[in-house]
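# Results of the structural survey
Here's the letter readout for the chains.
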Number of protein chains: 2
Amino acid sequence: MTDLQPAFILVRPQMGENIGAAARAMLNFGLSHMRLVDPRDGWPNPRAVAMASGAAGRVLDHAGVTGTLPEAIADCAYVFATTARTRDLTKPVMTPERAMEHARALTAAGRKVGILFGPERAGLENEDIARANALISIPVNPDFASLNLGQAVLLCAYEWRRETDGAPPEVLALAGTELAPAIEVEKLGDHYEQRLDEAGFFFPKTKAAGMKLNLRNLWSRMPLTRADVQTLHGVLRQILRRGSDGGQA
Amino acid sequence: MTDLQPAFILVRPQMGENIGAAARAMLNFGLSHMRLVDPRDGWPNPRAVAMASGAAGRVLDHAGVTGTLPEAIADCAYVFATTARTRDLTKPVMTPERAMEHARALTAAGRKVGILFGPERAGLENEDIARANALISIPVNPDFASLNLGQAVLLCAYEWRRETDGAPPEVLALAGTELAPAIEVEKLGDHYEQRLDEAGFFFPKTKAAGMKLNLRNLWSRMPLTRADVQTLHGVLRQILRRGSDGGQA
């Protein structure tokens, strides 16, 4: 099993059994890079271990655990978020098939891909979605959409492994650039948010949280390269410097 | 939901919970034609009903039940048998993807297709396989092949539903958003370029043209919506305003 694979990231997973089931689902398709963000019942989790059993237990042993989502995706060049409900945030939406084509191309080019799965009951929050580059929407029957966490993981893992010959050129074009890892985009977002906050941009207070979320979503929606991130930091710094010089050219 | 669909045939299924889970898995992808051959615990099965719940219960209500496999596939023009283990019988073997392509073509031509799933513990017997036209082998990790009945059903149902014909090349189509026309992106670029020029960002002079071009390229490379353009104009204006207020928050 190659080391080059996407990370399947369970965000605030609730039941240990589901975490174990997810590990089994992944390993059926040769995937073993699991990450957990703030699991509800802590970690390690005996129920997860009991459900995983066998080789899948090793997936759990090696699972990375973080307290926050930004930490979990810090090294990711591209992040997908699985979602059942339609969302208000503007974000590209793909089928698992198309998403995994992208993921394979990115991974083959040495870029780390992260795939987010939300808590069993409510799914991912908008704050989670805002950190993703694109959404994965599994095309289920609108009259009976009842996929659970393990099933969503299974379908994505299956699509990752399903062979398709010749990825379309636009997929490879994305993979050919030096995309900024999520941690750099996060810091860019922090920089703008902080300065804009000081400048009174997030006004009125009732709209502040929504405006901040919208801006975060904008940064992560863009395919920003490392150079872009540096440029945008520089833009902000220089504009501020100009201001503090009292407007002198 | 069209009547033209393959029959998912559970052969000697053991646990009611798994039958219910299979019904749910099918209905997630709009499939409702279930057949049961000699279910171990008889029929109806309260455990199956409890697991199915909601609309999936109706799948169980309408499930055909027969004592033998030949009766269950009597009307089928083509029968697939899912199998994990390699078999001695000479039989074509396909991936779920390829099998469902065939299934869709046959179904569109008005031919009934049957897909067999074996008992949980041992899978299909050779006597069952002998009635099938082809085998479906799900390409699982040979070192950890542990798909259960519900998962096998889920993957076949998913493949049945997965669209494969002429998906548009524009993968990153934003869901229902209003991309900014080029003229608006151009004006955004003008705004930033002008203010950054006043702020002395394009320095040294020998690099100025290249830096301006790079920034223009950044804006047009992004899939900016009209709302994004407005946001980015606002970001720039507010930062400048803050500056001209002498840095007061």
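The rules we used
Residues numbered from 1 in each chain as written. Chains lettered and ligands numbered in written order. Predicted model: local features only at pLDDT ≥ 70, side-chain atom pairs only at ≥ 80, totals over all residues. Heavy atoms only, no water. Helix = DSSP H or I, 4+ residues; strand = E, 2+ residues; numbered from the N terminus. Buried < 20%, exposed > 50% of the residue type's maximum accessible area, 1.4 Å probe, protein only. Contact = heavy atoms within 4.5 Å. Pairing = 2+ DSSP bridges. Axes fitted to C-alpha atoms, helices over the stretch in contact; angles between N-to-C directions. Expected span 1.5 Å × (residues − 1). Buried area = accessible area lost by both parts, 1.4 Å probe. Salt bridge = Lys/Arg side-chain N within 4 Å of Asp/Glu carboxyl O. Polar contact = N/O pair within 3.5 Å; in protein donor to acceptor, adjacent residues only side chain to side chain. Nonpolar A, V, L, I, M, F, W, Y, C, P; charged D, E, K, R; others polar. Core = buried A, V, L, I, M, F, W, Y, C linked by side-chain atoms within 4.5 Å. Phe/Tyr/Trp six-rings, centres within 6.5 Å; stacked < 30°, edge-to-face > 60°. Parallel < 35°, antiparallel > 145°, perpendicular 65-115°, else oblique. Left-handed = near helix turned anticlockwise from the far one by under 90°.

For the rest of this paragraph, the subject is the overall build of chain A. Along the backbone of chain A there are 11 helices and 7 strands. Burial statistics for chain A: of 249 residues in total, 58% are counted as buried. Sequence separation of at least 24 residues holds for 85% of the intrachain contacts in chain A that already meet a minimum separation of 6.

Further remarks concern the sheet that holds strand β7 (residues 134-136) of chain A. Residue and element names in this part refer to chain A. A sheet is described by the order of its strands in space; here 7 strands give the open sequence β3-β2-β1-β6-β4-β7-β5, paired in parallel fashion. The two strands at the open ends of the sheet, each matched to only one other strand, are β3 (64-66) and β5 (93-94). Across the face of the sheet, helix α1 (residues 16-28) comes into contact with β1 (7-11) and β2 (34-37) while running at roughly 155° to β2.

A separate point is α1(A). With 13 residues, α1(A) extends 19 Å between its outermost C-alpha atoms, agreeing within 8% with the 18 Å of an ideal straight helix rising 1.5 Å per residue. Those residues of α1(A) not exposed but buried are G16(A), I19(A), G20(A), A22(A), A23(A), A25(A), M26(A), L27(A) and N28(A).

This next bit is on the interface of chain A and chain B. Counting residues at the interface gives 65 residues for chain A and 65 residues for chain B. When residues of chain A are sorted by the area they lose upon contact with chain B, N28(A), F144(A) and I239(A) head the list and together hold 13% of the total. At the surface where chain A touches chain B, the tally comes to 4 salt bridges. Of the charged contacts, one joins R162(B) and E97(A) as a salt bridge, the two residues approaching to 2.8 Å between their closest N and O atoms. Taken together, chain A and chain B are joined by 16 residue pairs in polar contact (both at pLDDT 80 or more). Elements represented by at least two residues in the side of chain A that touches chain B include exactly α1, α3 (55-61), β5, α5 (96-108), α7 (149-161), α9 (182-198), α10 (205-221) and α11 (226-244) of chain A. In the side of chain A that touches chain B, the residues fall into 35 nonpolar, 16 polar and 14 charged.

One pass over the structure, following the stated rule, counts 31 salt bridges over all chains. The salt bridge involving R195(B) is made with E198(B); its shortest N-O contact spans 3.3 Å. Here the residue R195(B) and the residue E198(B) both occupy positions in helix α8 (residues 182-198), the gap between them amounting to 3 residues, near one helical turn. With a relative accessible area of 25%, E198(B) lands in the partly exposed category. Bridged by salt links that share partners, the residues E97(A), E159(A), R162(A), E97(B), E159(B) and R162(B) form one connected network.

A separate point is the environment of H233(B). Residue and element names in this part refer to chain B. Relative to the helices and strands, H233 is located in helix α10 (residues 226-244). Taking C-alpha positions, H233 is 22 Å from A209, a pair spaced 24 residues apart along the chain. In this view, H233 contacts K187, L188 and H191; residues no more than four positions away in its chain are not counted.

Moving on: the nonpolar core. By size, the foremost hydrophobic cluster in this structure holds 83 residues, and its most contacted members are M34(A), F80(A), M34(B) and F80(B). Among residues more than four places away in sequence, those in contact with F80(A) are M94(A), A99(A), H102(A), A103(A), V113(A), G114(A), I115(A), L116(A), A132(A), A134(A) and I136(A). Grouped together as the second largest cluster of nonpolar side chains are 39 residues, V235(A), A208(B), M222(B) and L240(B) included.

Inspection of every chain in the model, using the stated rule, returns 11 aromatic pairs over all chains. The interplanar angle of 80° and the centroid separation of 5.4 Å between the aromatic rings of F201(A) and F202(A) together place this pair among those described as edge-to-face. The two residues F201(A) and F202(A) agree in class, both being buried. Taken together, the ring pairs connect F29(A), Y158(A), F29(B) and Y158(B) into an aromatic cluster.

This paragraph deals with the environment of G67(B). All names here are of chain B. Considering the arrangement of structural elements, one finds G67 in the loop between β3 (64-66) and α4 (69-72). With 29 residues separating them in the primary sequence, G67 and D38 have C-alpha atoms 4.7 Å apart. The contact partners of G67, leaving out residues within four places of it in the chain, are V37 and D38.

The next subject is the packing of helix α5 (residues 96-108) of chain B against helix α7 (residues 149-161) of chain B. Residue and element names in this part refer to chain B. The interhelical angle for the contact between α5 and α7, taken along N-to-C directions, is 55°, at an axis separation of 8 Å. Comparing the axis directions of α5 and α7 gives the class oblique. When the axes of α5 and α7 are compared, the crossing they make is right-handed. Counted together, P96, E97, M100, A103, R104 and T107 of α5 and C156, E159, W160 and R161 of α7 form the full contact between these two elements. Looking at the contact of α5 with α7 residue by residue, the class counts come to 5 nonpolar, 1 polar and 4 charged.

Take the packing of α7(A) against α7(B) next. Put simply, α7(A) and α7(B) touch, their axes get as near as 11 Å, and they point 60° apart. On the basis of the axis angle, α7(A) is oblique to α7(B). The two elements α7(A) and α7(B) cross, and the hand of that crossing is right-handed. Residue-level inspection shows Q151(A), L154(A), L155(A), Y158(A) and E159(A) of α7(A) in contact with α7(B), the latter providing Q151(B), L154(B), L155(B), Y158(B) and E159(B). When its residues are assigned to classes, the contact of α7(A) with α7(B) shows 6 nonpolar, 2 polar and 2 charged.

So, about α7(B). Residues and elements named next belong to chain B. Taking 1.5 Å of rise per residue, the 13 residues of α7 would be expected to cover 18 Å, and the 18 Å separating its terminal C-alpha atoms lies within 8% of that figure. The element α7 is extensively covered by neighbouring structure, given that 12 of its 13 residues are classed as buried. Of all the positions in α7, only L149, G150, Q151, A152, V153, L154, L155, C156, A157, Y158, E159 and W160 are classed as buried. Its side-chain oxygen 3.2 Å from the backbone nitrogen of G150, N148 forms the N-cap of α7.

With that settled, the discussion passes to the sheet that holds strand β1 (residues 7-11) of chain B. Paired through backbone hydrogen bonds, the strands of a sheet run either parallel or antiparallel to each other. All names here are of chain B. In spatial order, the strands read β3-β2-β1-β6-β4-β7-β5; together these 7 strands make up an open sheet with parallel pairing. The open sheet is flanked by β3 and β5 (93-94), the only strands paired with a single partner. Pairing of β5 with strand β7 (residues 134-136) involves 2 bridges; the strand directions are parallel. When the sheet's bridge partners are listed, V93 is paired in β7 with L135. Packed on one face of the sheet, helix α1 (residues 16-27) meets β1 and β2 (34-37) and runs near 155° to β2.

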